[in-house]
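# Remarks on the overall topology
So you can see what is in the structure, the chains are spelled out below.
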Amino acid sequence: MSIADANCEQRRVGRAAAVTAISKAERFRANHRWKVLGIGVAANASFSATFAGIPAAAVFLRSGYQLSNGNLGLVLGLLGLGVALSELPWGLLTDRWGDRGVLLTGLGATAAWLALMAFFIVPSATYVPGVAMLAACLLATGLLGGSVNGSSGRAIMAWFHEGERGFAMSIRQTAVPLGGGLGALVLPSLASAHGFAAVFGLLAAVNAVSALFAWRWLHQPPEADNAGSMAMAKPAGPAPLRNVEVWRIATAIGLLCFPQVAVLTFASVFLHDFAGMGTLTISASFAAVQTGAMIMRVGSGRFTDRHGNRRWFLRLCSMTSALGFAALGLLVLAAGATPGAHAALMPAIAVLLVVAGISVSAWHGVAYTELATLAGASRAGTALGLANSFVFIAFFVVPTAIPALLLVWSWPGVWLVGALCALTAWPILLRPN
């Protein structure tokens, strides 16, 4: 080949590369990041409907599978334990392999597993699955679903810039109460009318649809925009697992989740057994908690982006949550000690439960943004996986501990211990800069 031919070939290759770069940039216009955010919301809502919606149907789970309160706590706890065990490995894989592959794998496998449960792990007139089988299946559900949180969070950190990440992450975190709220509205009635085959089948379908969205639209940002969106890709600080500040925020996140999980897993039993409320009222209370949490998460993300006060806001949520659950515990104690006032105090108890539940659910997007900012965008999967490991340790410990607390201290003890956990998180959270 002559020198002229070689130069011509180089120009041709260069033009082709330029066309490819322009094509990719046009494919992912600036507003594509909102599609990525929508995928994160859909993925988290799908799995939230699973891990928060199934406990909302705890009364029917207990009767349908013929469980004691202790066995009910065990099976619900193992769902959380599965997520806790898998979050950090999934986060490490996300930072190594990318968010697209991990999210597709996790959502697809979760959908397939729930479909199998709908066919084989449901009670009928002639067969009731054993506690061990149900517990193992929910543990596996948690192990597979643990892929969603870190991978979707890392994708958002890659596509959004500083100054809007708090808002974006908070919107993503609204998916947790959104999915949980929809699950609380739909799943108890579905379980009552059609059994758990319908429950698991619906959850499988929702996860499969989210996987389809991720397959269609979740990609890495184009190189032309990557330098800005990944400005924190290589931070100078230590790796997340060697960063004391990352560990402090992750630990505080876990502690704040203890009272939140108590609401998600046993509030339906509390309102049924202690307050004597029906399915409609219980579902409405759950929906109020989740709707209020969604509004607070979006508002707090925008507020802290504008004012740069994430750490102050997290400490505020810790203190208000502690006060809310302490007041709830004392009011329940008063209702139990004064039989004549029991019925009169029930509306106030339900309202206070909703208020405390919203307060302890308002901080997630802000906390995860601060955590991912400390770790850096390219290592956000590991940091978020670490935090979610603590979160779902709470989903394991709390449901298994509440039956024992009920035996020793009854319902006032449950809510007062929740207040203590929220208060303990306050000094662990980082002080404002």
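Higher on the page you've got the structure.
Cut-offs applied
- Residues numbered from 1 in each chain as written.
- Predicted model: local features only at pLDDT ≥ 70, side-chain atom pairs only at ≥ 80, totals over all residues.
- Heavy atoms only, no water.
- Helix = DSSP H or I, 4+ residues; strand = E, 2+ residues; numbered from the N terminus.
- Buried < 20%, exposed > 50% of the residue type's maximum accessible area, 1.4 Å probe, protein only.
- Contact = heavy atoms within 4.5 Å.
- Areas by Shrake-Rupley, 256 points an atom, 1.4 Å probe, with all protein chains shown as cover.
- Core = buried A, V, L, I, M, F, W, Y, C linked by side-chain atoms within 4.5 Å.
- Phe/Tyr/Trp six-rings, centres within 6.5 Å; stacked < 30°, edge-to-face > 60°.
- Lys NZ or Arg CZ within 6 Å of the ring centre and 35° of its normal.
- Polar contact = N/O pair within 3.5 Å; in protein donor to acceptor, adjacent residues only side chain to side chain.

## Comments concerning the overall build of the protein
- If you tally the helices and strands in the protein, you get 18 helices and 0 strands.
- Relative to its 433 residues, the protein shows a buried fraction of 55%.
- When contacts within the protein are restricted to residue pairs at least 6 apart in sequence, those whose partners lie at least 24 apart make up 86%.
- If you sum the accessible surface of the protein, you get close to 17,200 Å²; carbon and sulfur atoms cover 69% of it.

## Thoughts on unusual backbone geometry
- Its identity as a non-glycine residue notwithstanding, Gln66 has a phi of 55°, on the positive side.
- Tracing the chain through its elements places Gln66 in the loop between α4 (58–64) and α5 (69–97).
- Gln66 sits in the exposed class, given a relative accessible area of 62%.
- We note that Ser410 has phi near 60°; this positive angle belongs to a residue other than glycine.
- Following the sequence through the fold, Ser410 ends up in helix α18 (residues 380–428).

## Regarding the nonpolar core
- Counting 126 residues, the largest nonpolar core has Phe200, Trp363 and Trp415 as the members making the most contacts within it.
- In this view, Trp363 contacts Ile253, Leu256, Cys257, Gln260, Phe313, Leu314 and Cys317; residues no more than four positions away in its chain are not counted.

## Considerations on the packing of aromatic side chains
- For the structure shown, the criterion picks out 14 aromatic pairs.
- Aromatic side chains Phe47 and Phe51 sit 5.4 Å apart centroid to centroid with 55° between the ring planes, which places their arrangement in the tilted category. Placement of the pair is Phe47 and Phe51 together in helix α2 (residues 32–51), with a separation of 4 residues, close to one helical turn. Across the pair, Phe51 and Phe47 agree in class, each one buried.
- Grouped by ring-pair contacts, the aromatic residues Phe270, Phe274, Phe325, Trp411 and Trp415 constitute a single cluster.
- Seen from the ring of Phe167, Arg302 lies directly overhead, with NZ or CZ sitting 3.9 Å from the centre.
- The ring of Trp426 carries Arg315 above its face, with NZ or CZ at 4.1 Å from the centroid.

## Overview of the side chain of Ser389
- Note on placement: Ser389 falls in helix α18.
- Within the structure, Ser389 has its side chain in polar contact with the backbone nitrogen of Leu88 (distance 3.4 Å).
- When residues no more than four places from it in sequence are discounted, the contact partners of Ser389 are Ala84, Glu87 and Leu88.

## Quick notes on the side chain of Asn243
- Within the fold, Asn243 resides in the loop between α12 (223–229) and α13 (244–273).
- Excluding residues that lie within four positions of it along the chain, Asn243 makes contacts with Pro238 and Leu374.

## Re helix α9 (residues 165–173)
- By the criterion of burial, α9 is predominantly enclosed, with 9 of the 9 residues buried.
- Buried residues of α9: Arg165, Gly166, Phe167, Ala168, Met169, Ser170, Ile171, Arg172 and Gln173, and no others.

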